Amino acid sequence: MIVRKIRPQELKRTMELFAIVFGFPNDSNKSAEEVFEEVSKNPRSRDEKFWSERWAAFEDDGQTMMSYFAVLPYMVQFDGKEYKMAGIGGVASLPQYRRRGGIRGCFEAALPSMYQDGVAFSYLYPFSTAYYRKFGYEMGCEKMQYHVRLSSMERFETGGSIHLLEPGKLLPEEIRQIYRTWQENYNMMVINEDFEYAWVGRSNPVKDQEFTYVYRSGTGIPMGYMTVKTVHEPDGRNLNCTRFCFTCGEGLKGLFQVLLALGSNHEYVTLTLPTDVDMSLFFPEWSSGASARKLYAGMVRVVNVETVLKGARYIGSGKVSISISDGQIKENNGVFEVAFQDGRAVSVQKVCGNGDVDMGINEFSHLIIGNGDVRSMEFMEHVIVHKNKEALGQVFYRKPNMIMEDF
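These remarks concern the structure in this document. (Residues numbered from 1 in each chain as written. Predicted model: local features only at pLDDT ≥ 70, side-chain atom pairs only at ≥ 80, totals over all residues. Heavy atoms only, no water.)

### Considerations on the state of the cysteines
Then step 1. Applying the stated rule across the entire model yields zero disulfides.
Then step 2. Free of any disulfide, Cys141 has its nearest neighbouring cysteine sulfur in Cys245, separated by 14 Å.
Then step 3. On the basis of relative accessibility, which here comes to 0%, the residue Cys141 falls in the buried class. (Disulfide = S-S within 2.5 Å. Buried < 20%, exposed > 50% of the residue type's maximum accessible area, 1.4 Å probe, protein only.)

### A closer look at the nonpolar core
Then step 1. Formed by 89 residues in total, the largest nonpolar core has its most connected members in Phe121, Phe244, Leu259, Met359, Phe364, Ile368 and Phe396.
Then step 2. The biggest single contributor to this core is helix H9 (residues 249-262), with seven residues.
Then step 3. Once you skip the residues sitting within four places of it in the chain, Phe364 turns out to touch Val302, Val305, Leu309, Ile324, Met359 and Phe396.
Then step 4. Of all hydrophobic cores here, the second largest spans 22 residues; its members include Trp55, Phe69, Ile88 and Ile329. (Core = buried A, V, L, I, M, F, W, Y, C linked by side-chain atoms within 4.5 Å. Helix = DSSP H or I, 4+ residues; strand = E, 2+ residues; numbered from the N terminus. Contact = heavy atoms within 4.5 Å.)

### Side note on the environment of Arg237
Then step 1. As for its placement among the helices and strands, Arg237 is situated in strand S10 (residues 236-246).
Then step 2. Arg237 sits in the partly exposed class, given a relative accessible area of 35%.
Then step 3. Distance in space between the C-alpha atoms of Arg237 and Gly353 is 62 Å, their sequence separation being 116 residues.
Then step 4. Apart from the residues lying within four places of it in its own chain, the contact partners of Arg237 are Thr230, Val231, His232, Asn265, His266, Glu267 and Tyr268.
Then step 5. Polar side-chain contacts of Arg237 include one of 3.0 Å to the backbone oxygen of Asn265. (Polar contact = N/O pair within 3.5 Å; in protein donor to acceptor, adjacent residues only side chain to side chain.)

### Considerations on unusual backbone geometry
Then step 1. Notably, Gln209 is not glycine yet its phi reads approximately 60°, a positive angle.
Then step 2. Along the chain, the position of Gln209 falls in the loop between helix H8 (205-208) and strand S8 (210-216).
Then step 3. The backbone of Asn388 shows a phi angle near 60°, a positive value even though the residue is not glycine.
Then step 4. Overall, Asn388 belongs to the partly exposed group, its relative accessible area being 33%.

### With respect to the pattern of salt bridges
Then step 1. Taken as a whole and assessed by the stated rule, the structure comprises 25 salt bridges.
Then step 2. Here Asp79 ties to Lys399 by a salt bridge, and the two come within 2.8 Å at their closest N and O atoms. With Asp79 in the loop between strand S3 (65-78) and strand S4 (81-93) and Lys399 in the segment after helix H14 (389-395), the pair connects residues that are 320 residues apart, well separated along the chain.
Then step 3. A residue is classified by how much of its surface remains accessible, and Asp79, at 3% relative accessible area, is buried. (Salt bridge = Lys/Arg side-chain N within 4 Å of Asp/Glu carboxyl O.)

### With respect to the side chain of Lys143
Then step 1. Along the chain, the position of Lys143 falls in strand S6 (residues 138-149).
Then step 2. Of note is the side chain of Lys143, whose polar atom sits 2.8 Å from the backbone oxygen of Ile403.
Then step 3. With residues near it in sequence (within four places) discarded, Lys143 still touches Thr272, Leu273, Thr275, Arg293, Lys294, Leu295, Ala297, Met402 and Ile403.

### Considerations on the sheet that holds strand S11 (residues 268-274)
Then step 1. Spatial strand order, S1-S2-S3-S4-S5-S12-S6-S11-S10-S9-S8-S7: 12 strands in an open sheet with mixed pairing. What marks the edges here is a single partner per strand, and that holds for strand S1 (2-5) and strand S7 (161-164). Ignoring strand direction, the axes of neighbouring strands in this sheet form an average angle of 30°.
Then step 2. Taken strand by strand, helix H4 (residues 102-116) contacts S1, strand S2 (54-58), S3, S4, strand S5 (121-124) and strand S12 (290-302), and its axis lies near 35° from that of S3.
Then step 3. With respect to the sheet, helix H6 (residues 172-183) is in contact with S3, S8, strand S9 (222-233), S10 and S11, its orientation differing from that of S9 by roughly 95°. (Pairing = 2+ DSSP bridges. Axes fitted to C-alpha atoms, helices over the stretch in contact; angles between N-to-C directions.)

### Things to note about the sheet that holds strand S15 (residues 344-351)
Then step 1. Taken in spatial order, the five strands make up an open sheet running S15-S14-S13-S16-S17, and their pairing is mixed. Only two strands of the sheet have a single partner each, and these edge strands are S15 and strand S17 (384-385).
Then step 2. As paired elements, strand S13 (residues 318-325) and strand S16 (residues 357-360) share four bridges and run parallel to each other. Within S16, the residue paired with Ile322 across the bridge is Val357.
Then step 3. Helix H12 (residues 361-371) rests against S13 and S16 of the sheet, and its axis sits at about 100° to S16.

### A short note on the side chain of Thr158
Then step 1. Mapped onto the elements, Thr158 comes out in the loop between S6 and S7.
Then step 2. Overall, the relative accessible area of 18% leaves Thr158 in the buried class.
Then step 3. A distance of 2.9 Å separates a polar atom in the side chain of Thr158 from a polar atom in the side chain of Tyr215.
Then step 4. Ignoring anything within four residues of it in the chain, the contact list for Thr158 reads Tyr215, Glu250, Lys253, Gly254 and Gln257.

### Topic: H6
Then step 1. Here H6 contains 12 residues, and its C-alpha end-to-end distance of 16 Å stays within 8% of the 16 Å for a straight helix at 1.5 Å per residue.
Then step 2. For H6, the complete set of buried residues consists of Glu174, Ile175, Ile178, Tyr179, Trp182 and Gln183. In an axial view of H6, the angular spread of the buried residues amounts to 155°, which keeps them on one side of the axis.
Then step 3. On the buried face of H6, the contacting elements are S3, helix H7 (198-201), S8, S9, S10 and S11. (Expected span 1.5 Å × (residues − 1). Arc of directions from axis to C-beta.)

The structure is reproduced here in structure tokens:
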């Protein structure tokens with residue numbers, strides 16, 4: 001088996017492979033050269049712009065493609081700073097080549113390459129969590145999904161105004177401004193670029209029956225936006241909210257006004273929010289009018305432990321040593337001693353000896369983005385706390401995290 005990044009003439013084959021595996025028709029009769037020329041000259045998505053970041057496994061002839069995936073470069077927010085993140089997408093193996101180690105080979109080649117390229121994190125949406133744990137990924141961002149009877153929501157008077165995105169009234173800068181404020185609050189939020197905002201220019205509610213509303217305060221400041229679409233479910237004609245961002249409490253209440261207005265011909269709304277937003281406080285009748293469940297949104301992996309420890313936010317001042325084991329990236333193996341002061345690292349270095357805690361890269365990835373704390377470690381099979389538990393609590397504690405981009 002041969003594993004490498006694809007060549008220009010192989011781009012079309014990755015598209016065909018994706019179509020075969022996932023059942024998305026691709027009836028292009030263009031040649032491989034024409035497909036490459038079209039994509040390279042006029043990329044319509046991040047996936048097309050970075051077409052060369054596709055890793056593939058081939059038979060020993062170096063031509064018969066067995067498996068492939070795309071490594072899409074993003075910038076993400078982590079503890080108040082921006083870092084490189086590699087989003088893994090389009091993971092596919094032709095049925096006749098499954099269980100031949102093609103995807104494993106791609107990960108074993110791609111992960112060290114990510115490290116050398118200065119990537120701090122990787123993220124993916126798994127078909128199987130157990131499978132991707134083999135490569136160091138662990139449960140990532142947490143979300144709360146709410147299903148709320150619209151008639152049970154409380155009415156608020158905010159004094160602001162609501163604006164529907166329509167051709168000629170698309171409000172792209174308002175959308176960007178709201179998102180920029182929103183993403184600063186959460187670890188793993190993608191720093192959006194033009195590709196991620198392309199949906200704004202396509203907004204056409206009359207044609208698509210998807211409705212995006214922007215809330216502005218009484219002084220004209222954009223404070224929130226959401227996109228809703230009608231769905232027919234067993235419990236009625238409902239609203240599915242696919243985007244929901246706000247900059248402050250008034251922005252949230254302003255968007256509630258829209259939902260309440262739509263309540264005259266809809267029964268429920270389903271919306272997904274970060275776990276630090278407690279929606280139960282807004283419902284006068286929670287017991288019969290709403291339900292909630294926690295969701296995991298994908299899996300995260302730290303690619304460069306040293307970089308992440310240098311940039312992480314800590315509580316107060318102290319010193320800890322963390323022993324990491326990583327089966328794919330050798331540079332992450334060892335004991336990292338971290339000294340921090342006033343919430344930021346002053347030094348991170350590899351040292352000899354034993355750590356205050358032993359953990360795998362999976363558990364480290366899960367904990368450092370804020371999905372657990374010292375108490376969580378007691379229930380993790382591959383984490384052993386030896387000493388310095390109080391200081392470890394200054395490193396590993398719960399933090400808000402969220403991701404909204406699919407790839």
